[in-house]
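Structural characterization, general
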Amino acid sequence: MRIPDEDAAIATAFEHLYAGLRRITPRGELSLTAASTLARLERSGPYRLCELHAPEGVTQPAMTQLVTRLERDGLATRSSDPADGRAVVVGITGTGREAVARRRAGRAEALSEVLRQLPADDRAAITAALPALDRLNHLLTKD
């Protein structure tokens, strides 16, 4: 299947944007995978441990180690699945929510500084594209 040039250009632009956002996100207490996992738990609620690794793109043993660290740091909890006592359910704590909020606030502050350097027309175009980007993100993150 031939990918339309416009789609390839969009993919490249998103790749560059993603790299730029990673660069300006303040380094702090959370690794990229830890932050993404906590954000997923915040957004979607508790997950079974055996189902959490795939959407984060890591192996189950790696996710188990990450959850152990998050739990040790008070950012996540583990409990038994009420529907299946053999399964482990991972949730986010209040402290975990605060860590996610701090990371988002730091990234928003850094991005705001960059956005202020754009012409008003570019900022307006980005704002106008937000609903379409939200719909695209919804399609990308269907679980």
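Above this text you will find the structure in question.
The structure displayed is predicted, hence computed values, not measured ones. (Residues numbered from 1 in each chain as written. Predicted model: local features only at pLDDT ≥ 70, side-chain atom pairs only at ≥ 80, totals over all residues. Heavy atoms only, no water.)

**Digging into the side chain of Glu56**
Counting through the fold element by element, Glu56 comes out in helix α3 (residues 49-56). Taking relative accessible area as the criterion, Glu56 reaches 13% and is therefore assigned buried. Of note is the side chain of Glu56, whose polar atom sits 2.5 Å from the side chain of Ser36. Here Arg40 takes part through its side chain, which lies 2.6 Å from a polar atom of the side chain of Glu56. Sequence-distant contacts of Glu56, defined by excluding residues within four places in its chain, comprise Thr33, Ser36, Thr37, Arg40 and Met63. (Helix = DSSP H or I, 4+ residues; strand = E, 2+ residues; numbered from the N terminus. Buried < 20%, exposed > 50% of the residue type's maximum accessible area, 1.4 Å probe, protein only. Polar contact = N/O pair within 3.5 Å; in protein donor to acceptor, adjacent residues only side chain to side chain. Contact = heavy atoms within 4.5 Å.)

**A word on helix α6 (residues 120-140)**
Each α-helix turn comprises 3.6 residues. Residues three or four places apart therefore point the same way. A rise of 1.5 Å per residue sets the reference length of α6, with its 21 residues, at 30 Å; its end C-alpha atoms lie 29 Å apart and thus fit the reference within 8%. Most pronounced at Leu130, the bend in α6 amounts to some 45°, and the proline Pro131 follows within four residues. (Expected span 1.5 Å × (residues − 1). Bend = angle between axes of the 7 residues up to and from the residue.)

**Looking at the environment of Thr12**
Tracing the sequence through the fold places Thr12 in helix α1 (residues 5-24). Spatially, the C-alpha atom of Thr12 lies 24 Å from that of Ala35, the residues being 23 residues apart in sequence.

**A word on the layout of surface pockets**
Think of a ball as big as a water molecule: rolled over the atoms, this probe shows where empty space is left. Reported here for the largest pocket is a volume of approximately 1,800 Å³. Along the wall of the largest pocket there are 35 residues; nearest its centre are Leu17, Tyr18, Leu21, Arg107 and Asn137. Secondary structure elements with two or more residues in the lining of the largest pocket: α1, α2 (32-44), α5 (94-115) and α6. The biggest single contributor to the lining of the largest pocket is α6, with 10 residues. A per-class count over the lining of the largest pocket returns 20 nonpolar, seven polar and eight charged. (1 Å grid on protein atoms, 1.4 Å probe; cavity = no way out; pocket = protein on both sides within 12 Å on 5 of 7 lines; lining within 4 Å. Points joined across faces, edges and corners; volume = space filled by probe spheres on them. Nonpolar A, V, L, I, M, F, W, Y, C, P; charged D, E, K, R; others polar.)

**As for the sheet that holds strand β1 (residues 47-48)**
Taken together, three strands build an open sheet; the order of strands is β1-β3-β2 and the sheet is antiparallel. Of all the strands in the sheet, just β1 and β2 (76-81) have a single pairing partner and so form its edges. Both β2 and strand β3 (residues 84-92) contribute to a ladder of six bridges, which runs antiparallel. Each residue of the ladder has a partner; that of Arg78, found in β3, is Val90. The sheet strands contacting helix α4 (residues 60-72) are β2 and β3, and the helix crosses β2 at an angle near 120°. (Pairing = 2+ DSSP bridges. Axes fitted to C-alpha atoms, helices over the stretch in contact; angles between N-to-C directions.)

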